Amino acid sequence: MNIQGEVAEGFEAVREAFVRNFEVLGDRGAAVAVYRDGRRVVDLWAGPRDVDGGDGGGEAWAPGTAQVVRSATKGVAAVVPLLLHQRGLLDLDAPVAAYWQEFKAGGKERALVRDLLAHRAGVPALDVPLTPAEAADGVSGARAVAGQRALWEPGSAHGYHAQTYSWLLSELVLRVTGASLGKWLAQEVTGPRGLEFWIGLPGAETARVGRVGPVEAPELPGAVRTRPRRNVSEAYADPSSLTRRAFAAITPPADENDPGYRAAELPASAGIGTARGLAGLYAALLGDTEDGAGLFTPDTLRLAGTELSSGPDQVLVVNTRFGPGTMLHSPASPLLSPASFGHPGRGGSLGFADPEAGIGFGYVTNAHAKSVTADPRAQALVRAVRAAL
């Protein structure tokens, strides 16, 4: 494998782990970037731009190659409500209905903004799923979640809002700012810093985006084959379970390589970015970087890593921890340390910040494995970063 890019002295272990991801863990095309104290110390990429590029065939991954990162988008999207709160425009303790009156239907009148951000709003699934076209039209999703009955008393439990999070957060931001979440992010955050990340891909950036697709994890010599716990595997297999219904809120599944889907502003699942963009964004939350001024005040930085939900997840059927739009370090989703906050993407991608270590991390791949919150390739890179500190 021809690995491109560079690492700073002391971070050689990250390059070694990246090589092993291709040689042993079955990566196809991928990139990883790491910032420490505002300076990029890891910037690596390899493989074909498209998952189906074949061995040695197709266009090679380039420094600006971007990919769909699925739910790693959620951590980026969380920056928007946190900045709105920082600017005094959004009260996390206010009812969602104070900004979005239609949302109070179906037993959701007491749902707070912090409940919405921390997967406690009680609407992880829809009684009537949306088609991909409806999911992307900017209207149907908000109407559906506003009218959806709460599946539990908002605030009393938490469960991963895998798809519905797109429309919940998008509409809230629209009601507060008058702008769509993707446009606000581009104007206020990523654009001024030149960070390569979009929620709603502009047409001018289409050529840089690779094709993603599913891959099977390789059989590792001597490895002990493990199976998911029975209750977890049963939840994913049962079409009537809340787990399956949450992930099937868009039915049939959208084609992630379709230009229309990529252009849609779906902050739960359809963000597109480079590893540099993902890592650079998280680095900017911690303070000034080589890309521009820091984004968060000390209070907002603390808030981003504050636990709002923990324990049994009604959807993922494991114990999870969430902050305000962020996923926090836990056995189900290991990050760098207990201080870390960010978000994984189902299938592999991962982005996070660690305030204590001064780390901004981003990993993107075109090879979507079956992992949900703890992909072996991403975890290998995180362990290598930890060893380098």
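Look above for the structure.
Residues numbered from 1 in each chain as written. Predicted model: local features only at pLDDT ≥ 70, side-chain atom pairs only at ≥ 80, totals over all residues. Heavy atoms only, no water.

### Let's talk about the overall build of the protein
Stated precisely, the cut-off is as follows: What counts as a helix is a DSSP run of H or I of at least four residues, what counts as a strand is a run of E of at least two, and both are numbered from the N terminus. Radius of gyration here uses only the C-alpha atoms, and the compact-globule reference equals 2.2 Å multiplied by the residue count raised to the power 0.38. The buried label goes to any residue with under 20% of its type's maximum accessible area, the exposed label to any with over 50%, and the partly exposed label to all in between, with areas taken from a 1.4 Å probe on protein chains only. In what follows, residue pairs with any heavy atoms lying within 4.5 Å of each other are defined as contacts. Only the protein chains shown count as cover for residues, with accessible areas throughout obtained via the Shrake-Rupley method and a probe of 1.4 Å. Here Asp and Glu are counted as negative and Lys and Arg as positive; His is not counted, and neither are the chain ends. To locate a charge, take NZ of a lysine, CZ of an arginine, CG of an aspartate or CD of a glutamate.
Counting its regular elements, the protein contains 14 helices and 14 strands. Taken over C-alpha atoms, the radius of gyration comes to 19 Å for the protein, in line with the 21 Å a tight globule of 389 residues would show. With the C-alpha coordinates of the protein rotated into their principal frame, the extents come out at 55 × 45 × 40 Å. With 389 residues in all, the protein has 56% of them scored as buried. Residue pairs in contact within the protein that sit at least 24 positions apart in sequence constitute 69% of those at least 6 positions apart. For the protein, the accessible area works out to roughly 15400 Å², and carbon and sulfur atoms hold 50% of it. Side-chain charges of the protein comprise 37 positive and 42 negative groups, with the mean position of each set lying 4 Å from the other.

### Considering the nonpolar core
Convention followed: Residues belong to one nonpolar core when they are buried, are Ala, Val, Leu, Ile, Met, Phe, Trp, Tyr or Cys, and are joined through side-chain atoms within 4.5 Å.
Ranked by internal contacts, the top residues of the largest apolar core, which has 69 residues, are Trp-100, Trp-167, Val-189, Leu-295, Phe-296 and Phe-341. Filtering out sequence-adjacent residues up to four positions away, Phe-296 remains in contact with Val-79, Leu-82, Leu-83, Gln-86, Ala-284, Leu-285, Leu-301 and Ala-304. Counting 29 residues, the second largest nonpolar core, distinct from the first, contains Ile-3, Tyr-363, Ala-378 and Leu-381.

### What to know about the side chain of Ser-330
Within the element layout of this structure, Ser-330 appears in the loop between β10 (327-328) and β11 (341-344). Residue contacts for Ser-330: discarding those within four places in its chain leaves Asn-319 and Arg-321.

### A word on the sheet that holds strand β7 (residues 272-273)
Note the cut-off: Whether two strands pair depends on DSSP finding at least two bridges between them.
Strand order in the open sheet made by the three strands is β4-β7-β5, with antiparallel pairing throughout. Each edge of the open sheet is held by one strand with a lone partner, namely β4 (67-68) and β5 (197-198). Relative to β7, β4 is paired through two bridges, and the arrangement is antiparallel. Looking at the pairing, Gln-67 lines up with Gly-273 of β7.

### Here's the deal with the environment of His-119
Summarising the element assignment, His-119 is placed in the loop between α4 (113-117) and α5 (132-136). Leave out the neighbours within four places in its chain, and His-119 touches Lys-74, Trp-152, Ala-157, His-158, Gly-159, Tyr-160, His-161, Tyr-165 and Phe-322.

### A few points about the pattern of salt bridges
Applied cut-off: Salt bridges, as used here, are contacts in which a Lys or Arg side-chain nitrogen is within 4 Å of a carboxyl oxygen on Asp or Glu.
Within the structure shown, the criterion is met by 21 salt bridges. Here Arg-40 and Asp-43 are joined by a salt bridge, their closest N and O atoms 3.7 Å apart. We classify Arg-40 as partly exposed; its relative accessible area is 28%. We classify Asp-43 as buried; its relative accessible area is 9%. Between Arg-175 and Glu-171 there is a salt bridge; the shortest N-O distance is 2.7 Å. One end of the pair, Arg-175, and the other, Glu-171, are both in helix α7 (residues 165-177), four residues apart, so they sit about a helical turn from each other.

### Let's talk about helix α8 (residues 181-193)
What counts here: Every helix has an expected span of 1.5 Å times one less than the residues it contains.
Here α8 is 13 residues long and its end C-alpha atoms lie 17 Å apart, about the 18 Å a rise of 1.5 Å per residue gives. Leu-181, Gly-182, Trp-184, Leu-185, Val-189, Thr-190 and Arg-193 are the residues of α8 that are buried. Where the residues of α8 are buried, they touch α2 (72-77), α3 (79-86), α7, β5 and α12 (275-286). With its phi angle positive at about 65°, Gly-194 sits one or two positions after the end of α8.

### Quick look at the packing of α3 against α7
So the rule is basically this: Inter-axis angles, ranging from 0 to 180 degrees, are taken between N-to-C directions of lines fitted to C-alpha atoms, where helices are fitted over the stretch in contact. Just so you know how the angles are binned, under 35 degrees is roughly parallel, over 145 roughly antiparallel, 65 to 115 roughly perpendicular, and the rest oblique. In this scheme the handedness of a crossing depends on how the near helix is turned from the far one: anticlockwise by less than a right angle means left-handed, clockwise means right-handed. Lys, Arg, Asp and Glu make up the charged group, whereas Ala, Val, Leu, Ile, Met, Phe, Trp, Tyr, Cys and Pro make up the nonpolar group; the residues left over, Gly among them, are polar.
One can describe the packing of α3 onto α7 by two numbers: an axis separation of 10 Å at closest approach and a directional angle of 30°. Accordingly, the angle class assigned to the pair α3 and α7 is roughly parallel. Two packed elements cross with a definite hand, and for α3 against α7 that hand is left-handed. Residue-level inspection shows Val-80, Pro-81 and Leu-84 of α3 in contact with α7, the latter providing Leu-169, Val-173, Val-176 and Thr-177. Counted by class, the contact of α3 with α7 contains six nonpolar, one polar and no charged residues.

### Quick notes on the pairing of strand β3 (residues 39-46)
For β3, the buried fraction is high: six of the eight residues fall into the buried class. The pairing of strand β1 (residues 4-7) with β3 spans four bridges and is antiparallel. Bridge pairing links Gly-5 to Leu-44 in β3. Pairing geometry for strand β2 (residues 30-36) and β3, over seven bridges, is antiparallel. Following the sheet pairing, Val-32 is matched in β3 by Leu-44.

### Here's the deal with unusual backbone geometry
In this structure, Pro-252 follows Thr-251 across a cis peptide bond, with omega equal to -5°. Tracing the chain through its elements places Pro-252 in the loop between α10 (242-247) and α11 (259-263). Within the chain, Arg-70 stands out as a residue other than glycine whose phi angle is a positive 50°. As for its placement among the helices and strands, Arg-70 is situated in the loop between β4 and α2. Despite not being glycine, Val-317 has its phi angle at roughly 60°, a positive value.

### Comments concerning the layout of surface pockets
Put simply, the rule is: Only protein atoms enter the 1 Å grid used here, on which a cavity is any set of points holding a 1.4 Å probe that cannot leave and a pocket is any open set flanked by protein within 12 Å on both sides along at least five of seven lines; residues with an atom within 4 Å of a point are listed as lining. Grid points are joined across faces, edges and corners, and a volume is the space filled by probe spheres set on the points.
What the second largest pocket holds in volume is close to 780 Å³. Along the wall of the second largest pocket there are 30 residues; nearest its centre are Arg-70, Gln-163, Phe-247, Pro-253 and Arg-346. Those elements giving two or more residues to the lining of the second largest pocket turn out to be β6 (213-214) and α10. Partitioned by chemical class, the residues of the lining of the second largest pocket number 14 nonpolar, eight polar and eight charged.

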